[in-house]
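Report on the structure
What follows is the residue order along each chain.
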Amino acid sequence: MAASNCDEKRPICSHCISSERLCEYSELTIKVMQSNGISRKRTSPPSVSTESSIFSPSPESTSASQVDAPANMLHAELFYHLLTETLPSLCKSGNNGSPLHQEMINHALGTPYLMNELLALAALHLSIIHDTQKDFYRHHSTQLQNHALRMFYETDSHATTEPPVPAFMLSSMVGMHLLCDILVYQDHDFQAFLDRFIHYLRIHRGVRTVIGGNWDRIKETSLKPILRDAEASLQNHTTDGEMCNRLLELIKASKLGPSLNETYEQAIKALQSSFNASQSGPAVDNIQGALAWPIMVTVEYTDTLVHRRPEALVILSHYAVLLHSCRNMWLFGDGGQFLVRSIDRYLGPQWAEWLYWPNRVLAESTT
């Protein structure tokens, strides 16, 4: 039977999932996220629709047609929403005073691909809080993110000796965007959800590539105090680690072999660091931990999810507890609850001991 064409669903089409082939969009995204470590040459200016042209000027941006172009009211709306609602919702203080967000805006004003991704995130936010216009805003969110990725891929980042701060910011925002889209628009289909989540993990590994050998340089930029605090939060020990220690004991007792033991141990230790970063308190305090774990897990762990290894799904269920603690945030919604319950149903009662803690936390939070 002939293979079905890509149905262009984002971030990966259902036909590509069912035929186990690499989705064109996913491939583009991975290339984009990895491209900071590859020598790239600008060919022609990226082809961008009128919708985003005000943020993607061509080399002839000083021409009369560019200068005299009318304002794009949709983008004005998205930028206003970004400043007044989206970014403040991600701050502990509830305002737009975050140093990181101020840095993002400063860089985005001079970096078209970063501006497009920030507007894409604002559009995604609007799609969630305005249900009657969900399809409209989600469509524009996808289009703007596509433009951001294509512009980044076609930009020669090696033309400057400056640390790739905008690229680092783009990587972080794309990861947040994709995770949100997966968790909120899950369609209550566990297998499809898992396939999308696996692709998200693969794409998000590009964050490491973007950071790569530039990490020390990035830490010496204006982001230094922000990154220092983030690293410190991953190392704090405000949580007792009992949950992760219990998981490690179960893994070791199962005698899975050195390779699997090492893979799972790394994923569990990364999970403990994420819980350390989240601490206890308002949901906005937990965002950093929820976003950190997918960056830290290895390729080998992702492969165990591909094969639906029960132990890997148990670890994922424990991560879902962290997502569930952020359930009041628009970024995560009921994605954590969906994941805990879906994994429990998928694995069945024989894994009840392994899933005791996630199920208990979920039960206590819903009574």
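In this text the structure is predicted, and so the values were computed from the model without any measurement. (Residues numbered from 1 in each chain as written. Predicted model: local features only at pLDDT ≥ 70, side-chain atom pairs only at ≥ 80, totals over all residues. Heavy atoms only, no water.)

**What to know about the overall build of the protein chain**
Within the protein chain, the secondary structure is distributed over 19 helices and 0 strands. Within the span of the protein chain, comprising 367 residues, buried residues form 50% of the whole. Approximately 17300 Å² of the protein chain is accessible, and the part contributed by carbon and sulfur atoms is 52%. (Helix = DSSP H or I, 4+ residues; strand = E, 2+ residues; numbered from the N terminus. Buried < 20%, exposed > 50% of the residue type's maximum accessible area, 1.4 Å probe, protein only. Areas by Shrake-Rupley, 256 points an atom, 1.4 Å probe, with all protein chains shown as cover.)

**A few points about helix H4 (residues 73-89)**
Its 17 residues give H4 an end-to-end C-alpha distance of 23 Å, which sits within 8% of 24 Å, the value for a rise of 1.5 Å per residue. Remark: the principal bend of H4, roughly 50°, maps to Leu82. Buried within H4 are the following residues: Leu74, His75, Leu78, His81, Leu82, Thr86, Leu87 and Pro88. In this structure, the buried residues of H4 make contact with helix H5 (99-108), helix H6 (112-129) and helix H7 (134-153). Capping of H4 at its N-terminal end is provided by Asn72; its side-chain oxygen lies 3.1 Å from the backbone amide nitrogen of Leu74. (Expected span 1.5 Å × (residues − 1). Bend = angle between axes of the 7 residues up to and from the residue. Contact = heavy atoms within 4.5 Å. Polar contact = N/O pair within 3.5 Å; in protein donor to acceptor, adjacent residues only side chain to side chain.)

**So, the nonpolar core**
Within the largest apolar cluster, 94 residues are counted, with the highest numbers of intra-cluster contacts made by Leu78, Phe197, Trp293, Tyr301, Leu316 and Phe332. It is helix H8 (residues 165-184) that provides the largest number of residues to this core, a total of 13 residues. Each of domain 1 (74-84 + 94-189) and domain 2 (234-365) accounts for three or more of the residues forming this core. If sequence neighbours within four positions are ignored, Leu316 has contacts with Leu194, Phe197, Trp293, Tyr301, Leu305, Leu339 and Ile343. (Core = buried A, V, L, I, M, F, W, Y, C linked by side-chain atoms within 4.5 Å. Domains from an automatic or database assignment.)

**Topic: the confidence of the model for the protein chain**
Per-residue confidence for the protein chain averages 78 on the pLDDT scale, and 69% of its residues sit at or above 70. Element-level mean pLDDT values for the protein chain span from 48 in helix H2 (residues 24-34) up to 97 in H6. The low-confidence segment residues 17-22, where pLDDT is below 50, has 11 contacts with residues more than four positions distant or belonging to other chains. Within the model, the stretch residues 30-63 combines pLDDT values under 50 with 68 contacts to residues more than four positions away or in other chains. (pLDDT = per-residue confidence, 0-100.)

**What to know about H6**
For H6, which comprises 18 residues, the first-to-last C-alpha distance of 26 Å matches the rise-based estimate of 26 Å (1.5 Å per residue) to within 8%. Counted residue by residue, H6 has 15 buried out of 18 residues, so it is predominantly covered.

**Examining the pattern of salt bridges**
Applying the stated rule across the entire model yields 8 salt bridges. Close ionic contact of Asp195 with Arg308 constitutes a salt bridge, the shortest N to O distance being 3.2 Å. Of the two residues, Asp195 sits in helix H9 (residues 190-204) while Arg308 sits in the loop between helix H16 (299-306) and helix H17 (310-324), which places them 113 residues apart along the sequence. Asp195 gets classed as partly exposed once you look at its relative accessible area, which sits at 22%. A relative accessible area of 16% places Arg308 in the buried class. Of the charged contacts in the structure, one is a salt bridge between Arg360 and Glu364, with a shortest N-O distance of 3.8 Å. Of this pair, Arg360 and Glu364 both sit in helix H19 (residues 356-365), 4 residues apart, which is roughly one turn of the helix. Among the residues examined, Glu364 registers a relative accessible area of 54% and is labelled exposed. (Salt bridge = Lys/Arg side-chain N within 4 Å of Asp/Glu carboxyl O.)

**So, the packing of helix H13 (residues 242-253) against helix H14 (residues 258-278)**
One can describe the packing of H13 onto H14 by two numbers: an axis separation of 10 Å at closest approach and a directional angle of 175°. Judged on the interaxial angle alone, H14 and H13 are roughly antiparallel. Residues Met243, Cys244, Leu247, Leu248 and Ile251 of H13 form the contact with H14, whose own contacting residues are Asn261, Tyr264, Glu265, Ile268, Leu271, Gln272 and Phe275. Of the residues assigned to the contact of H13 with H14, the class counts are 9 nonpolar, 2 polar and 1 charged. (Axes fitted to C-alpha atoms, helices over the stretch in contact; angles between N-to-C directions. Parallel < 35°, antiparallel > 145°, perpendicular 65-115°, else oblique. Nonpolar A, V, L, I, M, F, W, Y, C, P; charged D, E, K, R; others polar.)

**Quick look at the side chain of Gln186**
Relative to the assigned elements, Gln186 resides in the loop between H8 and H9. Owing to a relative accessible area of 5%, Gln186 belongs among the buried residues under this scheme. A distance of 2.6 Å separates a polar atom in the side chain of Gln186 from the backbone oxygen of Leu183. What Gln186 contacts, discounting residues up to four positions off in sequence, is Phe193, Asp334, Gly335 and Phe338.

**Looking at unusual backbone geometry**
Its identity is not glycine, yet His188 carries a phi of approximately 55°, on the positive side. By the element assignment, His188 lies in the loop between H8 and H9. One non-glycine residue, Arg308, adopts positive backbone phi at about 55°.

**Structural notes on the packing of H5 against H6**
At a closest axis distance of 8 Å, the pairing of H5 and H6 adopts a crossing angle of 125°. In terms of orientation, H5 lies oblique with respect to H6. Contact residues: Met104, Ile105, His107 and Ala108 in H5; Pro112, Leu114, Met115 and Leu118 in H6. Grouping the constituent residues of the contact of H5 with H6 by class yields 7 nonpolar, 1 polar and no charged.

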